Amino acid sequence: MPGGRRNAKSSSFKHHSHASDDRHSCDLPTQPQVVPPKHIPMPDIPHNSDFHFEIDALLLSIFAMAGQYINLYSSVFWLPYSHNEDFLNYYLIDYYVLTINLIMVGRRIPVSILKQLCNLCFPSSYQPTCALCVHILTIICLVPVLLFCFYNVTLEHGILSLVFLIYPFVVYVSALGTNVAKFLELKSSPPEKAPVPKSKGAAANNKNNSVINHVCSMSAETIREEVEMLRNDFNIRLKQVLFNSFLVVYHATFLPCYFSP
C-alpha cells in the first residue's frame, strides 16, 4: 500500500505539473507575424513628351514677352497726324537685348530637338554620350552669340547693364551649382544611390530608366536611403521649377522694361 500511495502522489504531481505548464504556455504572449509590405499598383498616368512641353513653355514665354514689348513700344498709328504707319516703334527696340531674351527662354528647344534625333538614330546604349555631345554643341553655338550681345549691350547702356545680364547666371550657380545639364534640361539627373530592387527585372528596369521607382523593403537602411533619395530629388525639382519660373519672368518682362528708352 505505501507503494500505491507513492504512485498516486507521483501521478497527481505529474498531472499538476502538466496543468501548470499548460497555463504558463497559454499566458505567454504570441509574437505577431511580420507581414511584408505590399505597395498598391500605381496607375498609368499619361503625360506629354518633353518636346511638347518645351514647345508649350516657349510659346508661353514668347507670348508674355510679346505682350511686354507691345506695352512698351506700341505707337499711335491710328491718329491722323502720327506720321507712323507701324504698329510698334521698331527703331526703339534693342535687338541685342531681344536676342538675349529669346536665347535664354528658348535654350532648351535645340537640346530637345537634337536629343530626339539622337534617340531615333542611335541605340539606347549611346544615349549618355549623345546627351553630352548635344550639351557641348549647344554651348558652343549659344555662348558666342550671348557674349557678342552682352558686349554690344554693355557698349550702348554702360557697364551697369552687365550686372543685370549676368544676374540669372549668378542665381543659377547659387541655387543649382555648376551642372550645365540642369540649365539646358528640366529632367533631374539620376540619383547616385538607388534602393536595392527585389528582382532582376526591376533592377534592369531601374538601370534603363531614370525615373525613381519605389521599392517595398523590410530593411531600415534601404528605407532611409530611399527617403533621402526622394528628398534630394524633390529639392532639385523644386529648385529647377523656381529658377525656370524666375528666368521666364526676368527675361520676358523685367529686362525689356529695364532696357527700354
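Scroll up a little and you will see the structure.
Residues numbered from 1 in each chain as written. Predicted model: local features only at pLDDT ≥ 70, side-chain atom pairs only at ≥ 80, totals over all residues. Heavy atoms only, no water.

Q: Explanation requested: the environment of Ile113 in the structure shown.
A: Structurally, Ile113 can be placed in helix 4 (residues 108–121). Each C-alpha atom, one on Ile113 and one on Glu54, is 9.9 Å from the other, the two residues being 59 residues apart in sequence. (Helix = DSSP H or I, 4+ residues; strand = E, 2+ residues; numbered from the N terminus.)

Q: Would you take a moment to explain empty space enclosed by the protein for this structure?
A: It is the rolling of a water-molecule-sized probe over the atoms that shows where space remains empty. Scanning the entire structure with this criterion turns up one cavity of 30 Å³ or more. In this structure, the largest cavity occupies an estimated 40 Å³ of space. Looking at the largest cavity, the residues that line it are Glu54, Ala57, Leu58, Val105, Gly106, Arg108 and Ile109. If you list the elements that add at least two residues to the lining of the largest cavity, you get helix 2 (50–73) and helix 4. By residue number, the principal contributor to the lining of the largest cavity is helix 2, which donates three residues. (1 Å grid on protein atoms, 1.4 Å probe; cavity = no way out; pocket = protein on both sides within 12 Å on 5 of 7 lines; lining within 4 Å. Points joined across faces, edges and corners; volume = space filled by probe spheres on them.)

Q: It is not clear to me how the pattern of salt bridges should be interpreted in this structure. Could you clarify?
A: Where side chains of opposite charge bring their charged atoms close, a pairing between them can arise. Per the stated rule, a full pass over the model turns up four salt bridges. Ionic pairing is found between Lys115 and Glu185, a salt bridge with its closest N-O pair at 2.6 Å. In this pair, Lys115 is assigned in helix 4 and Glu185 in the loop between helix 7 (180–184) and helix 8 (200–208), connecting sequence segments 70 residues apart. On the accessibility criterion, Lys115 (26% relative accessible area) is partly exposed. We classify Glu185 as buried; its relative accessible area is 16%. Residue Arg237 pairs with Asp233 through a salt bridge whose shortest N-O separation is 2.7 Å. Here the residue Arg237 and the residue Asp233 both occupy positions in helix 9 (residues 220–258), the gap between them amounting to four residues, near one helical turn. (Salt bridge = Lys/Arg side-chain N within 4 Å of Asp/Glu carboxyl O. Buried < 20%, exposed > 50% of the residue type's maximum accessible area, 1.4 Å probe, protein only.)

Q: How should I be thinking about the environment of Tyr95 in this particular structure?
A: Mapped onto the elements, Tyr95 comes out in helix 3 (residues 95–105). Tyr95 sits in the partly exposed class, given a relative accessible area of 47%. Distance in space between the C-alpha atoms of Tyr95 and Cys149 is 8.9 Å, their sequence separation being 54 residues.

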